[in-house]
Amino acid sequence: MEEILIEDVEESFTTRDAFNKAQSLFSVMQRNDWDALYRRFKGSQPLQRPHENSDHEQNEEKVEEYGGDDDPMVSQFMDELLTGSSANKWILCADEFNILLLHVATSNDSDKIDKLLNIFLHMKELESSGRYSSGPNADTFAILLNFLEKFPSTSSIAYDITKELIENFRVINDKLSTEIDNEQNKQKSIINEECLHSAMRILTKRLDIHRAEQLMNISLSEFGEGVRVSPNLFEMMLLLYKCENLQDKALDLTKKCIEENNTESQDLERFLYNASVWPKYKRDGSKIVLGSYLDRMADILDYMKSQEYFVSIRIWKRLLGLSAHVARTESESNWSTVHRCCRALISYEDFPKKFNERLLLLGLLASEKIRDPQLAADLICHSSTQTSSEHGMDSMRWPKVVTSNARVAISPKTYMKAIKLCIDSGFPAQGERILRHCYQINLPPKVLSDMYAMVLAGYVQNGDTKNVENLFYNVKSRSITPSEAMYAAYLHHLGANKKHEEVMSVLNSMLNGCNNDDVMPGISCFSSSILSAIKSRNYEDVLTLEKMMQEKGLEHNASTLQGVLIANARLGRSLDILDVIDTALRSKSPMDSSTFMLCLKYLIPEITDKCGCDIEAIRTYLRSQVESNPGISHEAMELSKSLKNCAREDGRKSSKINSHGMGEKNRNLAWRSAVRDAVYLSKVLRRSP
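Counting across every chain of the model gives 7 aromatic pairs. Measuring from ring centre to ring centre gives 5.8 Å for Phe120 and Phe141, while their planes differ by 75°; the resulting arrangement is edge-to-face. Here Phe141 lies in helix α8 (residues 138-148) and Phe120 lies in helix α7 (residues 112-128), a separation of 21 residues in the sequence. For the pair formed by Phe120 and Phe141, the shared burial category is buried.

As structure tokens, then:
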């Protein structure tokens, strides 16, 4: 294009006439509500009308000379502009050009794409000729990019304009760094949100990470001063990072988004939720390692919480679910992240409304892996909003409370699992917290009775006399019928403290129905009572208790059988020992390795004296005896085979085919067979010279 001189313009077209015509044209356009037109075209803010803050207010009366509402005037002016009328080009500034661009973009012309590009080229030519106020600004790029990205045929043009936009800012930045007072460059560097979003959408579709990063840097630099860089813009950049699995950059981007949008709670929440979700596989199909990313994402959320930024509860729940999946499939170290998420969820006031059984089960797993039973208790005790506080409440007084999460159905098995976790970890006090909660939400009495027994057994294991007695003696005051397991735990507690007389008193009161609860002693109560008699060296009482068991029709378990064997041995009744073992074998009483070793000690003491409790050592000894004493070869080898089978069953892990119950049955059968073979061998040894 040939260079245009001001002198040539003044000669060919008077500036006054051109100005009046332009003012009349824009007056017509403004009456057609260009603000609404801009909003229709995806604009968030109306463009500044050309007549506002104009230096030509004194000429407004001239507008009416050309002020008809005829659309042909617009078309005529457009034609003059596009056919090269230099006077019109010199009269218009960037904002007026932008209105013309909007007019063309919303028209029904078939060639409007060409017209838009021609106007854009005119603006660039004017800018290159020194007319900087007529050059493209941020609104110009926003209009063009918004329009061109809609059509597949023009997407490449939109991409080229986006690259030009970014390159212009890069060049301007270089100039501003050396020409501080260059107001023209500073004016040109103005950018707005709509322009940023349009350009970022185009770069995201093209997966152009390099230029997208440049655009983000522009928006966060001094060019973007006063412009809101919304979370939507950060989300598009995050999508690009996810496509290339750039986790470190995504985390840095998240921190920047928080700094820029800490007051935009809703949009920031959506960005954080998307940031907490990461693809499981790369584009080439290989698996992505997520453990470190999720852990550092939790660090960011913890930081926000410490700075009193708003973090939605659903973000923590989402992070918890992903971390639990990674902990199961990738690395168990991520259970610590699950633990942190659970702790964060508990701190929310509306946590009871978001509480569910899946969350509780994940929390229990994390508690077990991290060995923090208090987390399990906290999750359950914070799962409902209560009218009275649990803290500072005497364990003897558990008032009923009103809860606000009745819609959450937590199975009793889950509560039992949580209590068992606390007991197994050695923290029965946390189990009692869960028991108190279950009592307050009115679980069935039978379930509560079983829970009482578990907590009571936990306190017994810890030797906590005060809490054992508090729980046991206040069960009836809470309208809960004691169970046989609860009595067994209490008897075990008394026996452990060498209070055998009290043990016998409680047992007799149960047998005579003096407790008014219809609870009769079972094998667990007799097991605790026999243990108490052994500890207090009342061996006659052991035999008395065995007779009581026989009268009640109860068969031995491993514990009672061992107690009776010890009592007969201490009383010197060796013949009775064999009778007790034969009776236990005929009744198919359960036996384990301890029972076998005790039987072997009394049947063939020389084996245990030489080999101890080492199964392999015993088998080696038996094989050596076969060589020196062929008369016992059959019985000795049968016992050796039985012990080999016992070792195999003890080492077998539970599976879907071999469940825990079936495994226990097979182990009992194997050890019972070994005891039977030991009896046969002992009889052969007695007969041999």
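Applying the stated criterion across every chain yields a total of 0 disulfides. Between Cys422, a free cysteine, and Cys381, which holds the nearest cysteine sulfur, the sulfur-to-sulfur gap is 9.1 Å.

Within this structure, the stated rule accounts for 23 salt bridges. Measuring nitrogen to oxygen at the nearest pair gives 2.8 Å for the salt bridge that ties Arg201 to Glu149. Here Glu149 lies in the loop between α8 and α9 (155-178) and Arg201 lies in helix α11 (residues 193-205), a separation of 52 residues in the sequence. Notably, a salt bridge pairs Arg314 with Glu269, separated by 2.9 Å at the nearest N-O pair. Here the residue Arg314 occupies a position in helix α17 (residues 313-329), and Glu269 occupies one in helix α15 (residues 265-275), the gap between them amounting to 45 residues. What makes Arg314 partly exposed here is its relative accessible area of 38%. Exposure remark for Glu269: the relative accessible area of 18% places this residue in the buried category. Via salt bridges that share partners, Asp295, Asp299, Asp302 and Arg340 belong to a single interconnected network.

Moving on to helix α35 (residues 633-651). For α35, spanning 19 residues, the distance from its first C-alpha to its last is 27 Å, which sits close to the expected 27 Å at 1.5 Å a residue. When we look at burial in α35, the residues that qualify are Glu635, Ala636, Leu639, Ser640, Ser642, Leu643, Cys646 and Glu649.

Once that is clear, we can look at unusual backbone geometry. With a phi angle near 55°, Asn245 is a residue other than glycine that sits in the positive phi range. Locating Asn245 in the fold gives a position in the loop between α13 (231-243) and α14 (247-260). The backbone of Arg537 sits at a positive phi, close to 65°, despite the residue not being glycine. Mapped onto the elements of the fold, Arg537 is located in the loop between α28 (523-535) and α29 (539-551). You can call Arg537 exposed: its relative accessible area is 61%.

Our focus in this paragraph is the side chain of His197. Mapping His197 onto the fold places it in helix α11. Exposure remark for His197: the relative accessible area of 9% places this residue in the buried category. When sequence neighbours within four positions are dropped, the list of residues in contact with His197 reads Ser230, Asn232, Leu233 and Met236.

How each quantity is defined
- Residues numbered from 1 in each chain as written.
- Predicted model: local features only at pLDDT ≥ 70, side-chain atom pairs only at ≥ 80, totals over all residues.
- Heavy atoms only, no water.
- Phe/Tyr/Trp six-rings, centres within 6.5 Å; stacked < 30°, edge-to-face > 60°.
- Helix = DSSP H or I, 4+ residues; strand = E, 2+ residues; numbered from the N terminus.
- Buried < 20%, exposed > 50% of the residue type's maximum accessible area, 1.4 Å probe, protein only.
- Disulfide = S-S within 2.5 Å.
- Salt bridge = Lys/Arg side-chain N within 4 Å of Asp/Glu carboxyl O.
- Expected span 1.5 Å × (residues − 1).
- Contact = heavy atoms within 4.5 Å.

None of the figures reported here should be taken as evidence of function without further support.
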